[in-house]
Amino acid sequence: MTSRYSLRKRVLVTGGAGFLGSHLCERLLAEGADVLCVDNFFTGTRANIQGLLGNPNFELLRHDVTFALPVEVDQIYNLACPASPVHYQFDPVQTTKTSVMGAINMLGLALRTKAKVLQASTSEVYGDPSVHPQPESYWGNVNPIGPRSCYDEGKRCAETLFFDYRRQHQMPIKVVRIFNTYGPRMHPNDGRVVSNFIVQALRGQDITIYGDGSQTRSFCYVDDLVDGLVRMMDSPDDCTGPINMGNPGEFSMLELAQHVLRLTGSRSQLRFEPLPQDDPKQRRPDISQARARLDWEPRIGLEQGLERTIDYFREVVAG
Ligand code: NAD
Ligand code: UDP
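Here the structure is a predicted model, which is why all the values come from computation and not from measurement.

**Q** Help me get a handle on the sheet that holds strand β3 (residues 58-62), residues and values and all.
**A** Note on sheets: strands pair through backbone hydrogen bonds, and any given pair is parallel or antiparallel. An order of β3-β2-β1-β4-β5-β6-β11 is seen for the 7 strands of this open sheet, with the pairing classed as parallel. The two strands at the open ends of the sheet, each matched to only one other strand, are β3 and β11 (243-245). Strand-to-strand twist in this sheet, taken as the mean axis angle between neighbours without regard to direction, amounts to 20 degrees. Packing of helix α1 (residues 19-30) onto the sheet brings it into contact with β1 (10-14), β2 (34-39), β3, β4 (75-78) and β6 (173-178), and relative to β1 it is tilted by some 170 degrees. Against the sheet, helix α7 (residues 222-233) contacts β4, β5 (116-122), β6 and β11, and its axis sits at roughly 160 degrees relative to β6.

**Q** Quick rundown of the site of ligand 2? Include the residues and the values.
**A** The local shell around ligand 2 holds 18 residues, among which V193, T208, R217, D279 and R283 are the closest. Backbone polar atom of V193 to an oxygen atom of ligand 2: 2.8 Å apart, as the coordinates give it. Here D279 contributes a side-chain N or O atom positioned 2.5 Å from an oxygen atom of ligand 2. Sorting the residues of the shell around ligand 2 by element identifies α6 (193-203) and β8 (207-210) as the ones contributing at least two each. For the shell around ligand 2, the per-class residue count stands at 7 nonpolar, 5 polar and 6 charged.

**Q** Quick rundown of the packing of helix α4 (residues 92-113) against helix α5 (residues 149-169)? Include the residues and the values.
**A** Viewed as axis vectors pointing N to C, α4 and α5 meet at an angle of 15 degrees, and their least axial separation amounts to 8 Å. One finds that α4 runs roughly parallel with respect to α5. Two packed elements cross with a definite hand, and for α4 against α5 that hand is right-handed. Between α4 and α5, the contacting residues are P92, T95, T96, S99, V100, A103, I104, L107, G108 and L111 on the first element and C150, Y151, G154, K155, C157, A158, L161, F162, Y165 and H169 on the second. Taken together, the residues that form the contact of α4 with α5 break down as 13 nonpolar, 6 polar and 1 charged.

Conventions adopted
- The numbering scheme is per chain: residues are counted from 1 as the chain's sequence reads.
- Labels are handed out in written order, letters beginning with A for the chains and numbers beginning with 1 for the ligands.
- Where local features are concerned, this predicted model is filtered to residues with pLDDT of at least 70; where side-chain atom pairs are given and counted, the filter is 80 or more; whole-chain, interface and lining totals use all residues.
- Heavy atoms from the whole structure form the basis of all side-chain values; hydrogens and water molecules are not counted.
- What makes two strands pair is DSSP finding at least two bridges between them.
- The helix and strand labels rest on DSSP assignments: H or I over at least four residues marks a helix, E over at least two residues marks a strand, and numbering proceeds from the N terminus.
- Every axis corresponds to a line fitted to the C-alpha atoms, with the helix fit spanning only the stretch in contact, and the corresponding angles, defined between N-to-C directions, vary from 0 to 180 degrees.
- Pairs of residues are marked as contacts when any of their non-hydrogen atoms sit within 4.5 Å.
- If a single non-hydrogen atom of a residue is within 4 Å of a molecule or strand, that residue counts as near it.
- Residues adjacent in sequence count toward polar contacts only when both atoms are side-chain atoms; beyond that, a polar contact is any pair of N or O atoms within 3.5 Å, and within protein one must be able to donate a hydrogen and the other to accept it.
- Throughout this entry, Asp, Glu, Lys and Arg are counted as charged residues, while Ala, Val, Leu, Ile, Met, Phe, Trp, Tyr, Cys and Pro are counted as nonpolar. The remaining residues, Gly among them, count as polar.
- Comment on the angle field: the value is read as roughly parallel under 35 degrees, roughly antiparallel over 145, roughly perpendicular from 65 to 115, and oblique elsewhere.
- It is the rotation of the near helix from the far one that decides the hand of a crossing: anticlockwise by less than a right angle makes it left-handed, clockwise makes it right-handed.

This is the structure we're talking about:
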């Protein structure tokens, strides 16, 4: 038994120096938790957590989750994994290892320490969906051998591991299927559509539309998503998910480009480029479970969220 001089909850956030992870660390500290942020800095940066480094309740550990982690914690948010197609396809074998071995290591840690463990899963488990919008009961339409498979199948296998650990060990697990989320602290070279369009618009560069721009996505602002993750962690043990989390507002990439051009006042032109292989044609979450079980729904619409994100990127681009 570890001796403890603090009654604060000890919370591990893997991928804590990334986009979502850094916002989550901030929120958990504000709620009075002791936060251990673990990251290998593949896509995360120290800049994302710069403001937290002086906080006595915050600790940073450079570590790769494909290796075991001998720490003592009460809760684990497992976010470690590159999320942008550009980055997860850079070293696909490492991406699968991060999802699968990272899940095994975090579940093993949770089993040993009796911690609750939450997996950041993804709408990509639905692949290129033939059911629209996507409810949690839909099993998906995923190519197992394409360029996106390292991410999609890695995340699907991680979900399997979470539910097998629960069946074998009766553990308190939580699986959240996150739909496209955006906001401040996305990396300017992240490669995802919202950051690409905003940075291109602010720099007066062409806006790169892949395909004809008719494919759709549903965009959730980061604060809403983080609130959902915390609600899920705090929910009763029988609330395991998988549960969809995202904003049901659905937009084509052409519509998104028009919003960004209008809100930035940019005169950038649209440039059409080839559609990447297996790019999902449509995506929108059915969030009725999150509404019913967690009393959660997004509060920040696309326009308001884009304005905040554009303000952030104006400073990044200027500096
Ligand atoms: P991100 O790339 O900004 O953050 C991922 C973090 O994980 C980075 O800090 C990275 O350095 C770290 N990391 C990667 N491999 C690691 C490893 N082996 N060991 C330790 N750290 C490692 O991406 P994000 O948008 O913040 O995504 C966070 C999580 O949420 C990911 O698991 C992602 O799959 C999931 N997710 C995000 C979205 C989204 O739209 N943002 C959608 C669905 C799912
Ligand atoms: N996309 C685009 N231009 C870009 C980046 C992305 O048109 O500069 C498209 C991409 O083809 C996809 C959508 O935007 O249809 C969302 O892409 P993102 O990489 O953000 O997320 P994901 O495809 O994983 O949902």
